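# Report on the structure
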Amino acid sequence: MNRAPCVRERGYDCSIKHRCPYFSDRAIAANRQIAAMTLAYFMQTAGSELFRTRDVCVIDEAHGLAEWAEMYATIDLGPRTVPIWDDLSVPEIDLSEPRSDGSSGSRSDSDGALDRLARFADSLSSVCARRKDELLAKRELTPDEAAERDRLQELVSELDWFVKDYRDPESPTTWVLDQDADRSLSIKPLNPERYLQHTVWDRANRFALLSATILSKETFCRGVGLDPDRVALVDVDHTFPVENRPLYDVTQGKMTYDERDETIPKVARVLVRIMAEHGDDKGIVHAHSYAIQRRLADFLADFGVGDRVRVHDREDRDAALEAWKESDRAGVFLAVKMEEALDLKGDLARWQVVCKAPYLNTNDPRVAHRLERGQWAWYRREALGTVIQACGRVVRSSEDYGATYLADSSLLDLFERTRGEMPAWFAEQVERMGTPELPSFEAATGALAGTNEEPSSGGSSSRRADDTGRAIGTHETGESSPGADRSHPLSDVWGDG
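Structural notes, computed from the coordinates. This one's a predicted model, so the numbers in the text were calculated from it and none came from an experiment. (Residues numbered from 1 in each chain as written. Predicted model: local features only at pLDDT ≥ 70, side-chain atom pairs only at ≥ 80, totals over all residues. Heavy atoms only, no water.)

## Things to note about the sheet that holds strand S2 (residues 75–77)
Adjacent strands of a sheet pair through backbone hydrogen bonds, lying either parallel or antiparallel. To keep it simple, the criterion reads: In this scheme, strands are said to pair when DSSP sees at least two bridges between them. A run of H or I in DSSP counts as a helix once it spans at least four residues, and a run of E counts as a strand once it spans at least two, with each numbered from the N terminus. Angular values range over 0 to 180 degrees, each being the angle between N-to-C directions of two axes fitted as lines to C-alpha atoms, with helices fitted over their stretch in contact. Only heavy atoms enter the contact rule, under which two residues are in contact if any of them lie within 4.5 Å.
Sheet architecture is open: three strands sit in the order S2-S4-S3, paired in antiparallel fashion. Here the strands that pair on one side only, and so sit at the sheet edges, are S2 and strand S3 (175–179). This sheet shows a mean twist of 15 degrees between the axes of neighbouring strands, independent of strand direction. Here S2 pairs with strand S4 (residues 185–189) via three bridges, running antiparallel. By the bridge assignment, Leu77 is partnered in S4 with Leu185. Lying over the sheet, helix H11 (residues 365–372) contacts S3 and S4, oriented at roughly 130 degrees with respect to S3.

## Some points on the nonpolar core
Note the cut-off: Working definition of a nonpolar core: buried Ala, Val, Leu, Ile, Met, Phe, Trp, Tyr and Cys residues. They are joined through side-chain atoms within 4.5 Å. Each residue's exposure class comes from its accessible area (1.4 Å probe, protein chains only) as a fraction of the maximum for that residue type: buried when under 20%, exposed when over 50%, partly exposed otherwise.
Ranked by internal contacts, the top residues of the largest apolar core, which has 34 residues, are Val285, Leu296, Trp351, Val353 and Tyr405. Put simply, the parts of the chain that give this core at least two residues each are helix H8 (260–277), helix H9 (290–302), strand S9 (332–335), strand S10 (351–354), strand S11 (403–406) and helix H15 (441–448). For this core, the leading source of residues is H8, giving nine residues. Ala73, Ile75, Ala118 and Tyr195 belong to the second-largest nonpolar core, a separate cluster that totals 30 residues.

## Focus: the packing of H8 against H9
How we decide: To sort the angles, those under 35 degrees are grouped as roughly parallel, those over 145 as roughly antiparallel, those from 65 to 115 as roughly perpendicular, and the leftovers as oblique. By convention, the crossing between two helices is left-handed when the near helix turns anticlockwise from the far helix through less than a right angle, and right-handed when the turn is clockwise. Side-chain classes follow a simple rule in which Ala, Val, Leu, Ile, Met, Phe, Trp, Tyr, Cys and Pro form the nonpolar group, Asp, Glu, Lys and Arg form the charged group, and the remainder, Gly included, forms the polar group.
At a closest axis distance of 9 Å, the pairing of H8 and H9 adopts a crossing angle of 55 degrees. Between H8 and H9, the interaxial angle falls into the category oblique. Where H8 crosses over H9, the handedness of that crossing is right-handed. Here Arg260, Asp261, Ile264, Pro265, Val267, Ala268, Leu271 and Val272 of H8 lie close against H9, whose contacting residues are Ile292, Arg295, Leu296, Phe299 and Leu300. The residue makeup of the contact of H8 with H9, split by class, is ten nonpolar, no polar and three charged.

## Details of the sheet that holds S9
Taken together, the six strands give an open sheet; going across it, the order is S6-S11-S10-S7-S9-S8, and neighbouring strands pair in parallel fashion. What marks the edges here is a single partner per strand, and that holds for strand S6 (247–249) and strand S8 (309–310). Summarising the sheet, S10 and S11 pair through four bridges and their orientation is parallel. For Trp351, the partnering residue across the bridge sits in S11 and is Ala403. Helix H12 (residues 376–391) rests against S6, strand S7 (283–286), S10 and S11 of the sheet, and its axis sits at about 160 degrees to S10.

The structure is reproduced here in structure tokens:
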């Protein structure tokens, strides 16, 4: 729609103005008692007259509200986001320099750099405004020029807002800054609750916030700018039988940056054994990062099972996922950042592997800022929430079932440290966790490799677990996982993305 002639040509007389699918559907939704949309679109329409204040607003996956607000308020400056980037003289900003007024400051550890950035942002806003005005002066724009005009307008608003807020001595916002090797910049606020006020909380009289991973009411409310005294937590019992969602310990060592070179080959070997155990079933591997995904794919190809593996990159993730879901083959999908908002019901997936404890990247300045202030409980809570979300990808109803295998020993440490914050239904899942009996690596590769036909051996598609958490219907002659040693240093909490 934002490339259509009506938004590119001055005075364009649209012959189907009242029947345009986009504007027609939008108008219908705005006037209906019930309207459904993505959270991103809901936040984007803040301040417009389109969707007026509603009586009730229902938000699914509400545990991600603070992260959505941070994304909404973050300003990214680089060649992908600034159309005139190549024409700019971008400063290289030293994050360690002091504030320009010589004071130590309290708004950020890099206030000196932020002072300099504010001056750059002020100048960049003026340059963007001039270029935008040049485009507006044209009678007709190409689709690319229309996109440039719209992006420049967004940039002017974002930059002016940042400069105004940063220079306001009364503003409580803590800003952090990150700069890549190519001098791309990210300006991030640490107070997302301020932006949720006008983008979400002012938009309705009452809210129903749904999530399986609001682990602490007080912490959640503080993070999204709500008064806990005005919020009721309704804790609904889990209806999925625990035996339908078993956890299995197949840990092979740590997946931290310094130790993953030794651990990844072991994870790939046990993954082959899991594939053989579930020979007739699809499975998904949560690889956590593209670097881990590529290493696993290479090892699986070396082991002769590469034809059963599907991967994706940043550009084709949705298309690759849909192709794998539609396939009749019992393949495995190596996924990155798909621990949430993925519905693998029924035979779409009967098993999954969590390769790495999903700690937030400590190179993110927002994460580093909080950890420097001792917010380790928050850090671990965020990782636990992601693990709980991941465990739900393959069990979607009370009749559904699927197994989750844990390959990183840091996950066991995470469970030990967060046991008191787990929902009761997940704590029960962890208590029942056992070590499965899997086919040996040699037997597994013999069953899986070198054929494009469906595998002839493997576990039954009706796998469950008994009361000890041990698999029922497994290969009784198989060897146990060689990496199931529970001893692990409690100091390993640093993640690396």
